[in-house]
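# Structural features, examined
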Amino acid sequence: MTDRTSPPGPVRAPAREGQFTHLRLDKVSRRFGDKLVLDGLDLRIAGGEFVALLGPSGCGKSTALNCLAGLLPLSGGGIWLDERRVDTLPPERRGFGMVFQNYALFPHMSVRRNVGFGLRMRGIARQEARARVDEALRLVQLAPYADRLPGQLSGGQQQRVAIARAIVIEPPLVLMDEPLSNLDAALRLDMRTEIRRLHQSLGLTTVYVTHDQEEALSLADRLVVLREGVVQQVGTPEELYRSPANPYVAGFMGYRNLFAMTVTGGEGGHATARGLGIELTGVAGEGVGSGPATVAIRPEDFLVGEPPADAENVIEVGVEVVEYHGRELAVQARLPEGQALRLRTSTRVERGETVRVWVPKDRVLIFADATAISPQPGPPQSGAPDATGSGQETAAEASAS
Amino acid sequence: MTPVTSASTSPAPNPPAPTAERSGGTGRPALSHRLAERGIDRTLLLLLPGLVFLILLFIYPFVYGLGLSFQPMHGSGALYNYQKFFSDPYERDTIWITLKIGLPAALINVLASVPIAYRLRGRVRGKRALTTALVIPITLGTVLTAIGMIEYFSGTGWLNKILIALHITDIDHPVPLLHNYWGVMLSLLVSGFPFAFLLTLSYLSGIDPSLESAAATLGAGWWQRFRDIVFPLLAPGLAMTFCLNFVLAFSVFPSAVLLGDPERSTHVISIAAYDAAYQEYDYSKASAIAMVMAAVMLIVISIVLFARGRLYRGSSGGKG
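Counting from 1, residues in each chain are numbered in the order their sequence is written. Whichever chain is written first is A, and whichever ligand is written first is 1; the rest continue in order. Reporting in this predicted model follows two pLDDT cut-offs: at least 70 for local features of residues, and 80 or more for side-chain atom pairs to be given and counted; totals over whole chains, interfaces and linings ignore these cut-offs and use all residues. The side-chain quantities take in all heavy atoms of the structure and omit both hydrogens and water.

## Re the interface of chain A and chain B
Only heavy atoms matter for contacts: two residues are in contact if any of them lie within 4.5 Å across the pair. Taken together, the 22 residues of chain A in the interface contact 23 residues of chain B. By definition, the buried area sums, over both parts, the 1.4 Å-probe accessible area that each loses when the two are put together. Three residues, E92, H108 and M121 of chain A, lead the burial of chain A against chain B; their summed loss comes to 33% of the area buried on that side. Salt bridges are counted wherever a side-chain nitrogen of Lys or Arg sits within 4 Å of a carboxyl oxygen of Asp or Glu. Connecting chain A to chain B are two salt bridges. The closest approach of N and O atoms between D228 of chain B and R120 of chain A, which form a salt bridge, is 3.5 Å. Polar contacts, as used here, are pairs of N or O atoms within 3.5 Å; protein pairs need one atom able to donate a hydrogen and one able to accept it. Residues neighboring in sequence count only if both atoms are side-chain atoms. Counting across the interface, chain A meets chain B through six residue pairs in polar contact (both at pLDDT 80 or more). Labels follow the DSSP assignment, with helices taken as runs of H or I lasting at least four residues and strands as runs of E lasting at least two, numbered in each case from the N terminus. Tallying contributions element by element places helix α3 (residues 111-121) of chain A first for the side of chain A that touches chain B, with four residues.

## Focus: the pairing of strand β18 (residues 340-345) of chain A
Residue and element names in this part refer to chain A. Each residue is assigned to one of three classes by its accessible area relative to the maximum for its type, calculated with a 1.4 Å probe on protein chains only: buried under 20%, partly exposed between the two thresholds, exposed over 50%. Burial within β18 is extensive, with six of its six residues counted as buried. Going residue by residue along β18, you find A340, R342 and R344 tucked away on one face and L341, L343 and T345 tucked away on the opposite face as well. Relative to β18, strand β17 (residues 329-334) runs antiparallel, the two sharing six bridges. When the bridges of β18 are listed, A333 appears paired with L341. Hairpin connection between β17 and β18: a loop of five residues separates the two successive antiparallel strands, and G338 in this loop has a positive phi of roughly 105°. The criterion for strand pairing is that DSSP finds at least two bridges linking the strands in question.

## Side note on the packing of aromatic side chains
Here a ring pair, both rings aromatic, is described through the centre-centre distance and the interplanar angle of the planes. To pair, rings of Phe, Tyr and Trp, with the six-membered ring standing in for Trp, must have centres within 6.5 Å; the planes then decide the type, stacked if under 30 degrees apart, edge-to-face if over 60, and tilted in the middle. Throughout the structure, instances matching the rule amount to 20 aromatic pairs over all chains. Centre to centre, the rings of Y152 of chain B and W158 of chain B are 6.4 Å apart; their planes meet at 80°, and the pair counts as edge-to-face. You can call Y152 of chain B partly exposed: its relative accessible area is 32%. Each member of the aromatic cluster is reached from another via a ring pair, and the members are Y118, W222, W223, F226 and F231 of chain B. Any Lys NZ or Arg CZ found within 6 Å of a ring centre and within 35 degrees of that ring's normal is scored as a charge over the ring. Taking NZ or CZ as reference, R165 of chain A lies 4.6 Å from the ring centre of F106 of chain A, over its face. Geometry around Y241 of chain A places R298 of chain A over its ring, the cationic atom sitting 3.7 Å from the centre.

## Focus on the layout of surface pockets
With a 1 Å grid spanning the protein atoms alone, the term cavity applies to any set of points in which a 1.4 Å probe fits but cannot get out, the term pocket to an open set with protein on both sides within 12 Å along at least five of seven lines, and the term lining residue to any residue with an atom within 4 Å of a point. Grid points are joined across faces, edges and corners, and a volume is the space filled by probe spheres set on the points. Its boundaries defined by the atoms lining it, the largest pocket holds a volume of some 1700 Å³. Lining the largest pocket are 44 residues; nearest its centre among them are L71 and L72 of chain A together with P209, S210 and S213 of chain B. Contributing elements (two or more residues each) for the lining of the largest pocket: β1 (22-32), α1 (61-69) and α2 (91-94) of chain A together with α6 (89-119), α10 (181-205), α11 (209-217) and α12 (222-250) of chain B. For the lining of the largest pocket, the leading source of residues is α11 of chain B, giving five residues. Residues are grouped as follows: Ala, Val, Leu, Ile, Met, Phe, Trp, Tyr, Cys and Pro are nonpolar; Asp, Glu, Lys and Arg are charged; every other residue, Gly included, is polar. Split by residue class, the lining of the largest pocket holds 18 nonpolar, 14 polar and 12 charged.

## Comments concerning unusual backbone geometry
Residues other than glycine seldom take positive phi values, yet E170 of chain A does so here, at roughly 45°. Note on placement: E170 of chain A falls in the loop between α5 (155-167) and β7 (173-177). Under the relative-accessibility criterion, E170 of chain A is labelled partly exposed at 30%. Look at Y281 of chain B: it is not a glycine, yet its phi comes out positive at around 50°. When you line up the elements, Y281 of chain B lands in the loop between α14 (269-278) and α15 (283-309).

## With respect to the pairing of strand β2 (residues 35-46) of chain A
Residues and elements named next belong to chain A. The pairing of β1 with β2 spans eight bridges and is classified as antiparallel. Among the inter-strand pairings, V28 is bridged to a residue of β2, identified as L41. Connecting β1 to the next strand, β2, in antiparallel fashion are two residues, including G33 with a positive phi near 65°.

Shown next as structure tokens:
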């Protein structure tokens, strides 16, 4: 825990002595009864990297983390730190730091003793332990609270104690299991910055589990999107945001409009799809020929108003729900044939109005996969997508944006 | 109940007092709201049955007995019964005899329940079956258990037959486990353990399992996790469990008679009170002995609860 700083970004020299070069998950599987919740997860994590596992609840991300921590035995596969196999070790011999969703602070110990617990278990001399605890508490800006009990702290302070407790042992790997999901929105943003700052200054390899794509995008060097225990895509935030591999990942990356349509033609990397009473042209994904497809559009990519002459993908929609979000309006509208559609605009629209909207064809993604229309929604504030295929959303659901 | 919640619950239909509902409706909303602010509303009626029982079955008999104990049948002075009790070694020693049985029995029950409950705290295969088996002794009652123990532990019982067959002892010297201290002790263990186990198990499941996971990731092995995390959080519950078990053991009566040596080594205090009441027909003396018994229990419980007060007793983050 020195003042060593390491450059942000995915490519980073091993920052610490005792640091490993690679953590390798090799076909890690876990079943509960008959259900395969994690199906052959292959992942290579470089030392110092910040990797986020992203997916809705039940996608296997927490299972993966618990397998890494040693809290759950694997049903198959292996975990390797460089050439050392760790999945056969009990959690206390792996030496990974873990931050839990519910903080899991020891309620009967002061903040200082909580943070010092791992050092005490390692038999670190009292003097040194005290110095390191003080340093860790200073790092999370909790030095004045050292002698309080966790119950006397706010949620955000408690989570900072939990983070200090995990990093004070200078673990080769820090595991974070939705550490911000119990905090309110403003605090979550602050803590996100704090976690990023700690990672940049300490360079601790981190695996971070979340269902919040915004958190994942802003924190991680690399994202792993999981669905029902299967990896959907691995890549940098930019790669995933720019070119999601399938409608499911697109849904997580803000493509809240996922339409089931049929490809009728295309040229030069673009395809045209019909259905739902409209026709849309967009960027053709891998394997798009003719036939059923999923068309993905972000709400903020719609333009509202009188379309210019060269406007692409002009459609007419009926406005149903309008939410005021300050800079812009979140609108739920409906296509003539009943399909719901979400858009964000700074143009004033009214409920009941029929407006013309258009979207540049480079902002429309067309996927050959027509089956994966509806990823499960995360909690409302996360902005995770919900199903748009059914055309039966209520106003309450629309407020999820 | 906080004023806020009682205020919000008061307008809701209230099954115990359907007639009162009408008067609270339009007539005097201001008064009912004012009362609700102070936590007074119809839900207080729910306390009534308990209060009636408490007064009729505990407070009145207790006060009556206390008064009776100061009105001795023989001798003079209000404290005669107490002076007599403490000056007669045969009577006085019942306190030590009972403590010598009750304290170890309660302690053993609590200590034995901890590892078993700890092992069974999570989801364990066969937990229901094991719990049921451990709880059966409660449902059988003391007397049936005592009869069974007489069959099993007597000089010609199964246990001694097995020990003789194994040449651990011989037919002339069976292991004496009946009609002495050990008979009563064993009976208290059989009947008290299920209580201790069930209580300990519920206290343990109130401790958030992620605390142990956190300790494990920080390098604590199972013993350190138990010593530093689980035990300190469990200790207040164990103190309560000990108190309840001790009260049960201290008032032991049937098994002290059936399995013990009620004239000598297991002449417990409840037998002394029974003898006074139904052998000597001296209810005043019996009341005095009962008061001594209550005082001893109170002292022990106070000591334990005082010690418990010094432990951490806040939330242990559990889901109950």
